[in-house]
Amino acid sequence: MGGDGLVKRVLAGGRTGEAGGGVLLGISAMNTNQRPSGRIGTLTTVLVTSVVSVVLCVLALLLSGHLRAEPAAAGLQRAEPLLEHGFTGQSDRSAASSEVCSGKHEHDVPGNVRRNPFQEAMKGWAAQDPVPKRVCPCCGWSGDVFAHLKIMWSQWGDRPDKQCPRCKSLERHRSACSLFGAGKHPFLAQEGAEFLQPPQGFGSVPFRLAHFGPEKTMDSMLNQVSDMDQIGMDFMPWLYGPSTFFADITSIPLPTNFSDGVVVLHVMEHIPALEKATQELVRILRPKTGWALAEVPCYFEQTRDCRDKDYNGRKECAGQPDHVWGFNCDDFVSRMRQEGLHCRRVNLEEDLQPWATKLIPSMRVELLPSYICSTG
Ligand SMILES: [Zn+2]
């Protein structure tokens, strides 16, 4: 019985040092009851019991210490990719953990502003004179020229100075990353405000981001943000990282009002049940404060509904065989609004902090239609 109790306590990861030692002493005493009687035998039994108890106590203390040390080790591991990528930002997870241990929420600390490593990297480049020729806001790389992208089967696949040689980001990724690093939007990276901060009143609950179609470059960038739970989902999860799980955007397996933010880059044009998908995004987002960052190709004069076409028909109708919609930008916005998602088009010149706008040519961002949408 005592042994079972110890196992449960150790598995629970609680403070088992002293209590565990006590239980172990009990086991040892139980075992010694069956030893032969006699003075020498009794002395030996007492000695052996003491030594065994001390050793087991030390082991129990070490074990419980090890279990308590794990969160800090995880925090260090999490910070490593940042250092490798040249960012100076430090994970504040261990600091947050110590506040939790001391029973103090980070919101109670006046002037506690979460560090935004991407903003720090971008500020570093912006302060240089001249600014570096090429910078990648997704991974922190800088250099003279981006890599030449060549895809044999694509008419757009032969382009110089396009792909980040480190994280493989393209213009559209860098556009989104720059918003997370130097955006004015209060829910992205408003200067002086906390980065990706859940609304006040939620204690130390991490920011929750639902990311549909989590392409590797954005996925790894967002995973470096401390105190954020990113949930990667897709209808074809095998196309993405191992932490992406299967989800149908028209029936999202997340509770209502669950997410603080949603990232849907080049997703909505693939979804036949567009209305249902938009309703689902609104459902999982927190009311009023929830936001979505959406990108869609929308270069048609009028929206084309290509859902009933075959492979070649969709290619002609929507410009790509896996797109079922050929959107007109204004029509896309009004379709979103009908379901309760209020979107406005991103204009980096206006949506980035003034100090960051001089980095726009260095990032080689393409102003593909990006939208910041809100449930409020
Ligand atoms: Zn990069």
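Before any of the text, the structure's been laid out above.
All values reported here derive from a predicted model rather than from experimental measurement. (Residues numbered from 1 in each chain as written. Predicted model: local features only at pLDDT ≥ 70, side-chain atom pairs only at ≥ 80, totals over all residues.)

## Section: helix H7 (residues 216–223)
Turning to H7, its buried residues number three or more, namely Thr 217, Met 218, Met 221 and Leu 222. Across the axial projection of H7, the buried residues extend over an arc of 120°, all falling on one side. Tucked inside the fold, the buried residues of H7 contact helix H6 (171–182), strand S5 (207–212), strand S6 (228–234) and strand S8 (261–265). (Buried ≥ 20, exposed ≤ 12 C-beta atoms within 10 Å, placed from the backbone. Helix = DSSP H or I, 4+ residues; strand = E, 2+ residues; numbered from the N terminus. Arc of directions from axis to C-beta. Contact = placed C-beta atoms within 7 Å.)

## Some thoughts on the packing of H6 against H7
Here H6 crosses H7 at 20°, and the two axes come no closer than 10 Å. Between H6 and H7, the crossing angle belongs to the class labelled roughly parallel. Crossing handedness for the pair H6 and H7: right-handed. Contacts from His 173, Ala 176 and Cys 177 in H6 reach Thr 217, Met 218 and Met 221 in H7. Taken together, the residues of the contact of H6 with H7 break down into four nonpolar, two polar and no charged. (Axes fitted to C-alpha atoms, helices over the stretch in contact; angles between N-to-C directions. Parallel < 35°, antiparallel > 145°, perpendicular 65-115°, else oblique. Left-handed = near helix turned anticlockwise from the far one by under 90°. Nonpolar A, V, L, I, M, F, W, Y, C, P; charged D, E, K, R; others polar.)

## A few points about the pairing of S6
Regular strands show a simple pattern: their side chains alternate between the two faces of the sheet. Within S6, five of the seven residues are buried, leaving the element largely enclosed by the surrounding structure. Relative to S6, S5 is paired through six bridges, and the arrangement is parallel. Bridged to Arg 208 within S6 is Asp 229. As judged from the two bridges shared by S6 and strand S7 (residues 245–246), these two strands associate in the parallel manner. Of the residues in S7, the one forming a bridge with Asp 234 is Phe 246. (Pairing = 2+ DSSP bridges.)

## A look at H6
Each α-helix turn comprises 3.6 residues. Residues three or four places apart therefore point the same way. Counted at 1.5 Å a residue, the expected span for H6 with its 12 residues is 16 Å, and the 16 Å between its end C-alpha atoms agrees. Counting buried positions along H6 gives 11 out of 12 residues, so the element sits mostly inside the fold. The set of residues buried in H6 consists of Arg 172, His 173, Arg 174, Ser 175, Ala 176, Cys 177, Ser 178, Leu 179, Phe 180, Gly 181 and Ala 182. (Expected span 1.5 Å × (residues − 1).)

## With respect to unusual backbone geometry
Of note, the bond from Asp 129 into Pro 130 is cis; its omega dihedral lies within 30 degrees of zero at -5°. Turning to its location among the elements, Pro 130 is positioned in the loop between helix H5 (117–127) and strand S1 (134–135). Phi is positive for His 266, close to 55°, though the residue is something other than glycine. Along the chain, His 266 falls in the loop between S8 and helix H8 (274–284). A positive phi angle, close to 45°, is found at Arg 364, a residue other than glycine. Within the secondary structure, Arg 364 is located in the loop between helix H12 (360–363) and strand S13 (370–374). A tally of 21 C-beta atoms within 10 Å means that Arg 364 is categorised as buried.

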